Amino acid sequence: MPKNETDNFITKCKQIFTPEVNVTELCQKYKLKADGIYLLHRDKQGSVFQEQLITHKPLLITGFFHEAEADITYVQMELYHAQAWHKLPLKTLEEISRTNPIITLANNNVDINISNARQVIDYLSCLRSCLQEALPQQRLCKYLGWEQDKFYLPGRGIDDTVFMLSDGELYQAVAQAKGDWEKWLSTYGKLCDSSIVARFIISCALAAPLLERVGFKGSPLVLLYGSRGSGKSTLMRFAASVWGNDNFLYPCNGTLNGFELRAKLLSGLPFFLDDVQLMRSRPDFNEFMQSFIYMLFNGYGKQRATKELGSAMLNRWQTLNILSSETTVVTPEFYGGAARRILELHLPEALERELIGECNKTSAHCYGLAGRRMLDLLEAYPSQVWQELYEKACDRLFLLDNGKREGTQLMVLALVLLADVLFALVRTGRSDVAQLTPLLADAEAMVLAVSDELENTEEQESGAYYHEALVDTVSANYDCFGYLAADSREVVNGTGYKSYGFFYDGYVYINSKVFNGFLKQFGKPAKSIKTLLRDAKLIEADAGRFTKQLNLTFNKCYRPRMVCMKYGEQRETEQAA
């Protein structure tokens, strides 16, 4: 049946209660009447001699939808009930071809039971054969994100796509853009002027769809922490308004399985999790958070089996995960890998109360505007353009950093830098990437300022802790250290060099095995050992001989044969006593 005839056919079927059309025959085998569907019995000459009622309510197939990811075709059916046509939940071709699944339509007011199920299946099969080729299959999306240079998001009108998300609340959160764009931009400007950290967090939200475009491996995590009442949740809520309403912000309280499924749904978008401290009551908080960080960053969930003992499809995603907490998450007990996969950023000053009120009001009434404009720009150019710009941003930051930071963190910073520059272009209504150059300096200054803040945070949080712990380790094993005689250059007294180490000229040299044991006891630091010791002031810059020796050792493998540290005053006090 040609498409125009199909459209007329469905329209005609839906008009069965109008004076013009009161009876419609379907496929020469069934007839649709006002009181239901009839099976036609014909004689050898083809004349109808009996009409058998099979259901009391008219039922039609009005559309077909194809889910590309799972290669499944769904059928849209409509039921005439209470003087109106109502769409039923989508069903797969398999579900409308088997008795047990088809009977579940009774839950939607369809007149079906075990006695007429086979006849309804045959009726739908007959109707499908007439309509399937003529009705174009629409695209069905169960998940958000990129596919073939298009970002599928409800309300964007791409290819008449129909979304069937398993989370209705998420659909409502991102289904439409609402509010005054100029009002949102005005509040955004005030927030960025008030806090460079706020600008960084909003740029993180904008950077999420860039992950796939630039070929980033992983799903970065950024933690915003600060004191209670400083405006963290307000800032998170405003950053979430880039893409949707308040329902786009989730509480950080759940299981790994729950976070996995949520991340899958949000692939291509930021994953906002507010108040990490909600999970601190867990006795296994440190172990849980490390598994949580690894899972989110790696971008895939657990291997699972199906009921038939086959291998289930692995959940994969690519999100930019933005968390908030009252305190830092990384502790000295963290493994090095988990600590390197999360950027912890402190909100140094509380946002002004008036600004907090304006942000809350704006995010409640203006949302989804910035994200859609960002997507329009990203779709305007092939991914190769964004990859080249990203690589240039990475090269620039690596050059400026001069080896101080981890490579993974620098790549995340480069991603946020690119997002900030692109949004500067969006704000001015431009779309020519050739105009990015004048905007780079401002975005670069923002990222470098945040990078310095991250460095200071690490010095405060991890350096002092390791310094204190290492001094305590030396103090507890004082009797096992010898002394290096200045004249003979040999270790005398105590067990000395072969076991723990020795003292010399106000410094203590620790055997590498002892130091490795210390790391196992207190956890490996987030930064390289050399950087950690330097920030904790365990290496004195003015001791050129010692610094040179350490540099030669650290540059080889980051595991020194001997670790040099300035000996604390605590030991001297004990000796005097």
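So, here is what we can say about the structure in this document. All values derive from a computational prediction rather than experimental measurement.

So, the side chain of Arg 139
Phase 1 of the analysis: Position of Arg 139 relative to the elements: it lies in strand S9 (residues 137–141).
Phase 2 of the analysis: Take Arg 139: its relative accessible area is 19%, and that puts it in the buried class.

A short note on the pattern of salt bridges
Phase 1 of the analysis: Under the definition given, this model contains 15 salt bridges.
Phase 2 of the analysis: Note that Lys 190 is salt-bridged to Glu 358, the shortest N-O span being 3.2 Å. Note that Lys 190 is positioned in helix H5 (residues 181–194) and Glu 358 in helix H12 (residues 353–365), a separation of 168 residues in sequence.
Phase 3 of the analysis: Taking relative accessible area as the criterion, Lys 190 reaches 41% and is therefore assigned partly exposed.
Phase 4 of the analysis: Notably, a salt bridge pairs Arg 199 with Asp 442, separated by 2.8 Å at the nearest N-O pair.

A look at the packing of helix H9 (residues 256–265) against helix H10 (residues 285–298)
Phase 1 of the analysis: It is at 11 Å that the axes of H9 and H10 come closest, and there the two elements cross at 20°. Relative to H10, H9 is oriented roughly parallel. The handedness of the crossing between H9 and H10 comes out as right-handed. Contacts from Leu 256, Phe 259, Glu 260 and Ala 263 of H9 reach H10 at Phe 288, Ser 291, Phe 292, Met 295 and Leu 296.
Phase 2 of the analysis: Residue composition of the contact of H9 with H10, by class: 7 nonpolar, 1 polar and 1 charged.

Here's the deal with the packing of aromatic side chains
Phase 1 of the analysis: Under the criterion given, the structure shown has 15 aromatic pairs.
Phase 2 of the analysis: Centre to centre, the rings of Tyr 80 and Trp 85 are 5.3 Å apart; their planes meet at 75°, and the pair counts as edge-to-face.
Phase 3 of the analysis: For the ring pair Phe 259 and Phe 292, a centre distance of 5.0 Å and an interplane angle of 70° mean the geometry is edge-to-face. Placement of the pair is Phe 259 in helix H9 and Phe 292 in helix H10, with a sequence separation of 33 residues. Both residues of the pair, Phe 259 and Phe 292, belong to the buried class.
Phase 4 of the analysis: Put simply, the rings of Trp 181, Trp 184, Tyr 188, Phe 238 and Phe 423 touch in pairs and so form one group of aromatic residues.
Phase 5 of the analysis: When the ring centre of Trp 146 is taken as origin, the NZ or CZ atom of Arg 213, which lies over that ring, is 4.2 Å away.
Phase 6 of the analysis: One Lys or Arg, Arg 282, reaches over the ring of Phe 288 and ends 3.9 Å from the middle of that ring.

Some words on helix H8 (residues 232–240)
Phase 1 of the analysis: With 7 of 9 residues buried, H8 lies mostly within the body of the structure.
Phase 2 of the analysis: If you check which residues of H8 are buried, you get Lys 232, Thr 234, Leu 235, Met 236, Phe 238, Ala 239 and Ala 240.

So, the layout of surface pockets
Phase 1 of the analysis: Of the voids in this model, the largest pocket is the one considered here, and its volume is about 500 Å³.
Phase 2 of the analysis: Along the walls of the largest pocket sit 23 residues, with Glu 69, Leu 144, Gly 145, Trp 146 and Ser 267 positioned nearest its centre.

Examining the state of the cysteines
Phase 1 of the analysis: Scanning the entire structure with this criterion turns up 0 disulfides.
Phase 2 of the analysis: In this structure Cys 192 is not part of a disulfide, and its nearest cysteine sulfur, from Cys 359, lies 9.5 Å away.

A closer look at empty space enclosed by the protein
Phase 1 of the analysis: If you walk through the whole model with that rule in mind, you get 1 cavity of 30 Å³ or more.
Phase 2 of the analysis: Of the volumes computed, that of the largest cavity is approximately 30 Å³.
Phase 3 of the analysis: Lining the largest cavity are Pro 220, Leu 221, Phe 297, Arg 340, Arg 341, Ile 342, Leu 343, Thr 408, Gln 409 and Val 412.
Phase 4 of the analysis: The set of elements that each furnish at least two residues to the lining of the largest cavity consists of strand S17 (342–346) and helix H15 (407–427).
Phase 5 of the analysis: The greatest single-element share of the lining of the largest cavity, amounting to 3 residues, is contributed by H15.
Phase 6 of the analysis: The residue makeup of the lining of the largest cavity, split by class, is 6 nonpolar, 2 polar and 2 charged.

Things to note about the nonpolar core
Phase 1 of the analysis: Counting residues in hydrophobic clusters, the biggest one holds 111 residues, and the most contacted among them are Trp 184, Phe 248 and Phe 292.
Phase 2 of the analysis: Here this core takes 14 residues from H15, the largest share from any one element.
Phase 3 of the analysis: Residues within four places of Phe 292 in sequence aside, it is in contact with Leu 221, Leu 256, Phe 259, Leu 273 and Leu 323.
Phase 4 of the analysis: Core analysis: the next-biggest nonpolar cluster, separate from the first, contains 29 residues, Val 110, Ile 112, Ile 121 and Leu 127 among them.

Cut-offs used in this document
- Numbering of residues begins from 1 in every chain and follows the order in which that chain's sequence is written.
- Under the rules for a predicted model, residues below a pLDDT of 70 receive no local features and side-chain atom pairs below 80 are neither given nor counted, while totals for whole chains, interfaces and linings still include all residues.
- Side-chain numbers here rest on the full set of heavy atoms in the structure, without hydrogens or water.
- Secondary structure elements follow DSSP: runs of H or I no shorter than four residues count as helices, runs of E no shorter than two count as strands, and numbering proceeds from the N terminus.
- A simple rule labels every residue: compare its accessible area, found with a 1.4 Å probe on the protein chains alone, to the largest value its type can have, and call it buried under 20%, exposed over 50%, or partly exposed in between.
- The term salt bridge refers to a pairing of a side-chain nitrogen on Lys or Arg with a carboxyl oxygen on Asp or Glu at a separation within 4 Å.
- Every axis corresponds to a line fitted to the C-alpha atoms, with the helix fit spanning only the stretch in contact, and the corresponding angles, defined between N-to-C directions, vary from 0 to 180 degrees.
- Angle categories are assigned with fixed cut-offs, so that under 35 degrees is roughly parallel, over 145 is roughly antiparallel, 65 to 115 is roughly perpendicular, and the rest are oblique.
- Whether a crossing is left-handed or right-handed is set by the direction in which the near helix is turned from the far one by less than a right angle, anticlockwise for left-handed and clockwise for right-handed.
- Note on contacts: a residue pair qualifies if any of its non-hydrogen atoms lie within 4.5 Å across the two residues.
- For this scheme, ten residues count as nonpolar: Ala, Val, Leu, Ile, Met, Phe, Trp, Tyr, Cys and Pro. Four count as charged, namely Asp, Glu, Lys and Arg, and the remainder, Gly too, count as polar.
- Side-chain rings of Phe, Tyr and Trp (the six-membered ring for Trp) are treated as a pair once their centres are within 6.5 Å; stacked means planes under 30 degrees apart, edge-to-face means over 60, and tilted covers the remaining angles.
- Lysine NZ or arginine CZ positioned within 6 Å of the ring centre and within 35 degrees of the ring normal marks a charge as sitting over the ring.
- In this analysis the probe radius is 1.4 Å and the grid spacing 1 Å, with only protein atoms considered; a cavity is a set of points the probe fits into but cannot get out of, a pocket is an open set with protein on both sides within 12 Å along at least five of seven lines, and lining residues have an atom within 4 Å of a point.
- Grid points are joined across faces, edges and corners, and a volume is the space filled by probe spheres set on the points.
- Cysteine sulfur atoms that pair up within 2.5 Å are treated as a disulfide.
- The nonpolar core is taken to be a set of buried Ala, Val, Leu, Ile, Met, Phe, Trp, Tyr and Cys residues, with the residues joined through side-chain atoms within 4.5 Å.

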